[in-house]
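A look at the structure
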Amino acid sequence: MNILLTSRCNRRCPYCFAAARISYPQSGAATDPAPEYIREADFGVAIDFLVRGRQRVVGLLGGEPSLHPAFPELAARAWSAGLDTKIFTNGLWPEGTIDAFLRAAEAQKQRPRLVLNLNQRAITPDPQHAAQEAFLERIGKYCALSFNIYEPDFDPLFLVDVVRRFRTRRDIRLGIAEPLAESGNAHIDVADYPKLAGTLMRLAAACDEHGIRLGFDCGFTLCMFTPEQIGRLVLAGARFRSSCGPVIDVGTDLSVWACFPLSTLSAGVRLTDFDDLRALVRHFQKHFGPLYRTGVLEECIDCRHRLRGRCTGGCAAHVFRRFQP
Ligand code: SF4
Ligand code: SF4
């Protein structure tokens, strides 16, 4: 489960699938405005919910979570409750935030886990690039890298250089930008996924060469790769999986949604209406069952990989858009 510390973000990525819940400085309110920052009491409610359900990990995200005025204190509160944190960030932290965060981590003897989302240099303005490099210099050893694919023409090999140069965790997470079910952020048509495979194989080979684990987030499809490529991914140590299901994000007002792309279809659900995380997951599995089960391509219906549970048939938000274009 992830908790949004803030609905604000100081970057604007073309593929942002959080757009319905985020306020950008340039554009004003999100389509479904939520409080800018989670109140500390509500954060406590969400943390207690996880502890009660014997969860071990919590994701902290936004927007950009470090924009919360009490960011280091909230992270420390999760650690005090015995939770490991996974902090999803764009790395645009002022020096003072880095100092305060490192002090908090040191005080609790934590080795925090950060997931630093990097975009290609071409869409990263110079000041952001400089700020991310400064961030990596100071705090890179705690960071795994994350990269979201949103157009067929991309070159992710720079990630390997970043891992080596800044001695980050040897871990790269690949995401594929999914469409908001009812909106139009940049994303790739599923029929075009096979066009990405060649580039991803080059990345997998480079990761293999340098001892970096390559992981795939939800929404990838098995048939975007040939059987031979799947074999090479396995041998390269990449963790490929085709998955889709409730992730569970908690908003700044304790509203809850299954995942960002399905957030506009999850209105009216609140954390406090459920006993624990399992009950919440069950709710969304039932609510979105047909979307999770159908598959995005015509051929998914009787595909043996889907029937055997080896492929979910892509992202449920794509399925929604397939039937309600
Ligand atoms: S379930 Fe659909 S997306 Fe997955 S391998 Fe089969 S046809 Fe491809
Ligand atoms: S609908 Fe499924 S694949 Fe798409 S973003 Fe949500 S969890 Fe991931």
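Structural notes, computed from the coordinates. (Residues numbered from 1 in each chain as written. Chains lettered and ligands numbered in written order. Predicted model: local features only at pLDDT ≥ 70, side-chain atom pairs only at ≥ 80, totals over all residues.)

**Regarding the site of ligand 2**
- Taken together, E178, C218, G219, C244, G245, V247, C259, P261, L262, C315, A316 and A317 are the residues near ligand 2.
- Taken together, the residues of the shell around ligand 2 break down into 9 nonpolar, 2 polar and 1 charged. (Near = placed C-beta within 6 Å. Nonpolar A, V, L, I, M, F, W, Y, C, P; charged D, E, K, R; others polar.)

**Remarks on the site of ligand 1**
- Close to ligand 1 lie 13 residues, the nearest being C223, C300, C303, R306 and C311.
- Among the residues forming the shell around ligand 1, the class breakdown is 6 nonpolar, 5 polar and 2 charged.

**Quick look at the pairing of strand β2 (residues 57–61)**
- Of all 5 residues that make up β2, 4 are buried, and the element is covered over most of its length.
- With 3 bridges connecting them, strand β1 (residues 2–4) and β2 associate as parallel partners. Bridge pairing in β2 links N2 to G59.
- As defined by bridge partners, β2 adjoins strand β3 (residues 84–89) across 4 bridges and the pair is classed as parallel. Its bridge partner lying in β3, G59 is registered against K86.
- In this fold, the crossover linking β2 to β3 by way of helix α2 (residues 71–80) has right-handed handedness. (Buried ≥ 20, exposed ≤ 12 C-beta atoms within 10 Å, placed from the backbone. Helix = DSSP H or I, 4+ residues; strand = E, 2+ residues; numbered from the N terminus. Pairing = 2+ DSSP bridges. Right-handed = clockwise from strand over helix to strand, strands pointing away.)

**Some details on the sheet that holds β1**
- With mixed pairing, the 9 strands of this open sheet are ordered in space as β7-β6-β5-β4-β3-β2-β1-β8-β9. Edge strands, defined here as strands with exactly one partner in the open sheet, are β7 (213–216) and β9 (256–257).
- Here strand β8 (residues 249–250) pairs with β9 via 2 bridges, running antiparallel. Note that in β9 the partner of V250 across the bridge is V256.

**With respect to helix α11 (residues 316–323)**
- Across the 8 residues of α11, 6 count as buried, placing the element largely inside the fold.
- For α11, the set of buried residues is A316, A317, H318, V319, F320 and R321.
- Summarising the contacts, the buried residues of α11 are in contact with α9 (289–294). (Contact = placed C-beta atoms within 7 Å.)

**Details of the environment of T199**
- Secondary-structure assignment places T199 in helix α6 (residues 197–209).
- Along the sequence, T199 and D155 sit 44 residues apart, while their C-alpha atoms lie 7.1 Å from each other.
- In this structure T199 touches F154 and P156, once residues within four positions along its chain are discounted.

**Side note on the pairing of β3**
- Across the two faces of β3 the burial differs, with T85, I87 and T89 buried and D84, K86 and F88 not buried at all.
- For β3 and strand β4 (residues 113–117), the ladder comprises 4 bridges, and the chain directions are parallel. Its bridge partner being in β4, K86 is matched across the sheet by R113.
- One crossover worth recording links β3 to the parallel β4 by way of helix α3 (residues 95–107), and it is right-handed.

**Quick word on unusual backbone geometry**
- That bond from G62 to G63 is cis: its omega, 20°, falls within 30 degrees of zero.
- If you trace the backbone, G63 turns up in the loop between β2 and α2.
- Here the phi dihedral of I248 falls at roughly 75°; this positive angle occurs in a residue that is not glycine.
- Mapped onto the elements of the fold, I248 is located in the loop between α7 (227–235) and β8.
- Of the residues examined, I248 has 21 C-beta atoms within 10 Å and is grouped as buried.
- Despite not being glycine, L254 shows a phi value in the positive range, around 65°.

**Re the packing of α2 against α3**
- Interhelical geometry of α2 versus α3 gives an angle of 20° and a closest axis separation of 9 Å. Between α2 and α3, the interaxial angle falls into the category roughly parallel. Between α2 and α3 lies a crossing whose hand is right-handed. Contacts from F71, P72, A75 and A76 in α2 reach T97, A100, F101 and A104 in α3.
- Tallied by class, residues from the contact of α2 with α3 come to 7 nonpolar, 1 polar and no charged. (Axes fitted to C-alpha atoms, helices over the stretch in contact; angles between N-to-C directions. Parallel < 35°, antiparallel > 145°, perpendicular 65-115°, else oblique. Left-handed = near helix turned anticlockwise from the far one by under 90°.)

By themselves, these are just geometric observations and shouldn't be taken as functional.
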